[in-house]
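Close look at the chain arrangement
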Amino acid sequence: MASKTAAAKDIITLHGSAAIVSEFFCYAANSILYNRAVYPEESFVKVKKYGLPMLLIEDESVKSFMSNLTSQISEWLEAGKLQRVVLVIMSKATGEVLERWNFRIETDNQVVEKGVSREKSDKEIMREIQAIMRQVASSVTYLPCLDETCVFDVLAYTDTDVAVPFTWIESDPKLIANPQMVKLHGFDTKIHKVDTLVSYKNDEWDEEE
């Protein structure tokens, strides 16, 4: 009986995978906003997640935004329609894009079309997510200091046949000219594979004669 229970925990369904990925993005976004000082330190509360100390913002408007975002991402993931999610950090004064945190998603379409499940242990998935979160937490060591007041936005790249929800608007890609890029770890639920890349404005380009 015990062995059957243990094996059941390794089964990943489409719904379960969508929940894992959307929850991951919520925690990753909060961590980025904290570690890149988009909001002051006192705006966050410490919690434990993925076996790590994590931070969640307490600002009600941002919490509501993140909750709605997580729900929408999960819906798109279950439909197999989401290709990537990008968290963009911009200058509040000028609107210039300073950083793009790019989460590219590959979906096992056989799971979406046929409703089959996959197998992977919860612990293995958590270890992969831990590696990403540790890299986000250490981002101050490899990204330039954001020495101005910043704001953020989230872009979602979906299949072309997806109707835009009324809470979303069409947007330009908010690209950075001549960016520097750092590839981070990824994780794979065996249904959704997430690759992470951060690109940022390289001030050295501006200083060249």
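So, a few notes on the structure that sits alongside this text. All values reported here derive from a predicted model rather than from experimental measurement.

The subject of this paragraph is the overall build of the protein chain. Secondary structure summary: the protein chain contains six helices and 10 strands in total. Expressed as a percentage of its 209 residues, the buried residues of the protein chain come to 42%. For the protein chain, the share of sequence-separated contacts (at least 6 apart) that also reach a separation of at least 24 residues comes to 71%. Summed over its atoms, the accessible surface of the protein chain is roughly 11,700 Å², and 51% of this surface lies on carbon and sulfur atoms.

Moving on, we get to the side chain of Asp108. Within the fold, Asp108 resides in the loop between strand S5 (97-107) and helix H4 (109-114). Looking at Asp108, its side chain comes within polar contact range of the main-chain nitrogen of Gln110, at 3.0 Å. With residues up to four places along the chain from it excluded, the contact list for Asp108 reads Arg118, Lys190 and Ile191.

With that settled, the discussion passes to the packing of aromatic side chains. Summed over all chains, the structure comprises seven aromatic pairs. When the centroid spacing of 5.3 Å and the interplanar angle of 90 degrees are considered together, the rings of Phe25 and Phe103 count as edge-to-face. Of the two residues, Phe25 is situated in helix H2 (residues 14-35) and Phe103 in strand S5; the sequence distance between them amounts to 78 residues. Using a relative accessible area of 4% as the deciding quantity, one classes Phe25 as buried. We classify Phe103 as buried; its relative accessible area is 2%. Each ring, one from Tyr34 and one from Phe44, has its centre 5.2 Å from the other, and the planes form 80 degrees; the classification is edge-to-face. Pair noted here: Tyr34 is in helix H2 and Phe44 is in strand S2 (residues 44-49), with a separation of 10 residues, a long-range link. Overall, Tyr34 belongs to the partly exposed group, its relative accessible area being 23%. Here Phe44 falls in the buried class, since its relative accessible area comes to 8%.

Soluble, globular proteins show a tendency: their nonpolar side chains are buried together. Of all hydrophobic cores here, the largest spans 52 residues; its most connected members are Phe24, Phe25, Trp101 and Met133. Secondary structure elements with two or more residues in this core: H2, strand S3 (52-57), helix H3 (60-79), strand S4 (82-91), S5, helix H5 (122-137), strand S7 (150-158) and strand S10 (192-200). The element best represented in this core is H2, accounting for 11 residues.

Of note in the backbone geometry, Tyr50 takes a positive phi value of approximately 60 degrees without being a glycine. Looking at where Tyr50 falls in the secondary structure, it is placed in the loop between S2 and S3. One non-glycine residue, Lys190, lies in the positive phi region at around 80 degrees. Relative to the helices and strands, Lys190 resides in the loop between strand S9 (187-188) and S10.

Among the structural elements, Gly16 can be located in helix H2. We classify Gly16 as partly exposed; its relative accessible area is 23%. Distance from Gly16 to Ser117, taken between C-alpha atoms, is 9.7 Å for residues 101 residues apart in sequence.

Once that is clear, we can look at the packing of H2 against H5. Each pair of packed helices gets described by two things: the angle between the helix axes and the distance between those axes. Two elements in contact, H2 and H5, have axes separated by 9 Å at closest approach and are oriented at 20 degrees. In terms of orientation, H2 and H5 fall into the roughly parallel class. For H2 against H5, the interelement crossing comes out right-handed. Where H2 approaches H5, its residues Ile20, Phe24, Tyr27, Ala28, Ser31, Ile32 and Asn35 are matched on the opposing element by Ile125, Ile129, Ile132, Met133, Val136 and Ala137. Each residue belonging to the contact of H2 with H5 can be placed in one class, and the counts come to 11 nonpolar, two polar and no charged.

The next point concerns the pattern of salt bridges. The final tally for this structure, using the stated rule, is eight salt bridges. Notably, a salt bridge pairs Arg36 with Glu99, separated by 2.6 Å at the nearest N-O pair. With Arg36 in the loop between H2 and S2 and Glu99 in strand S5, this pair connects stretches of sequence that are 63 residues apart. Close ionic contact of Asp195 with Arg104 constitutes a salt bridge, the shortest N to O distance being 3.1 Å. In this pair, Asp195 sits in strand S10 while Arg104 sits in strand S5, placing the two residues 91 residues apart along the sequence. Connected through shared salt-bridge partners, Arg104, Glu106 and Asp195 make up one network.

The rules behind each value
- Residue positions are given per chain, counting from 1 as you read along its sequence in written order.
- Only residues with pLDDT of at least 70 are given local features in this predicted model, and only at 80 or more are side-chain atom pairs given and counted; all residues enter the totals for whole chains, interfaces and linings.
- Heavy atoms throughout the structure, all of them, feed into the side-chain values; hydrogens and water do not.
- Secondary structure elements are defined from DSSP: runs of H or I of at least 4 residues count as helices, runs of E of at least 2 residues count as strands, and each element is numbered from the N terminus.
- Burial classes follow relative accessibility: with a 1.4 Å probe on protein chains only, a residue under 20% of its type's maximum area counts as buried, one over 50% as exposed, and anything between as partly exposed.
- Contacts are assigned to residue pairs that have any heavy atoms within 4.5 Å of one another.
- Computed with the Shrake-Rupley method and a 1.4 Å probe, the accessible areas treat only the protein chains shown as cover for residues.
- Contacts described as polar in this section are N or O atom pairs within 3.5 Å, which, within protein, must combine one atom able to donate a hydrogen with one able to accept it, while residues neighboring in sequence count only if both atoms come from side chains.
- Each Phe, Tyr or Trp ring, with Trp reduced to its six-membered ring, pairs with another whose centre is within 6.5 Å; inter-plane angles below 30 degrees give stacked pairs, above 60 give edge-to-face pairs, and intermediate values give tilted ones.
- Buried residues of nine kinds, namely Ala, Val, Leu, Ile, Met, Phe, Trp, Tyr and Cys, make up a nonpolar core once their side-chain atoms join them within 4.5 Å.
- In this analysis, axes come from line fits to C-alpha atoms, helices being fitted only over the stretch in contact, and the angle between any two N-to-C directions falls in the range 0 to 180 degrees.
- Here is the rule for angles: anything less than 35 degrees is roughly parallel, anything more than 145 is roughly antiparallel, 65 through 115 is roughly perpendicular, and the remaining ranges are oblique.
- Rotating anticlockwise by less than a right angle from the far helix to the near helix defines a left-handed crossing, while the corresponding clockwise rotation defines a right-handed one.
- Polar here means any residue outside two lists: the nonpolar Ala, Val, Leu, Ile, Met, Phe, Trp, Tyr, Cys and Pro, and the charged Asp, Glu, Lys and Arg; Gly therefore counts as polar.
- By convention in these notes, a salt bridge is any Lys or Arg side-chain nitrogen within 4 Å of a carboxyl oxygen on Asp or Glu.

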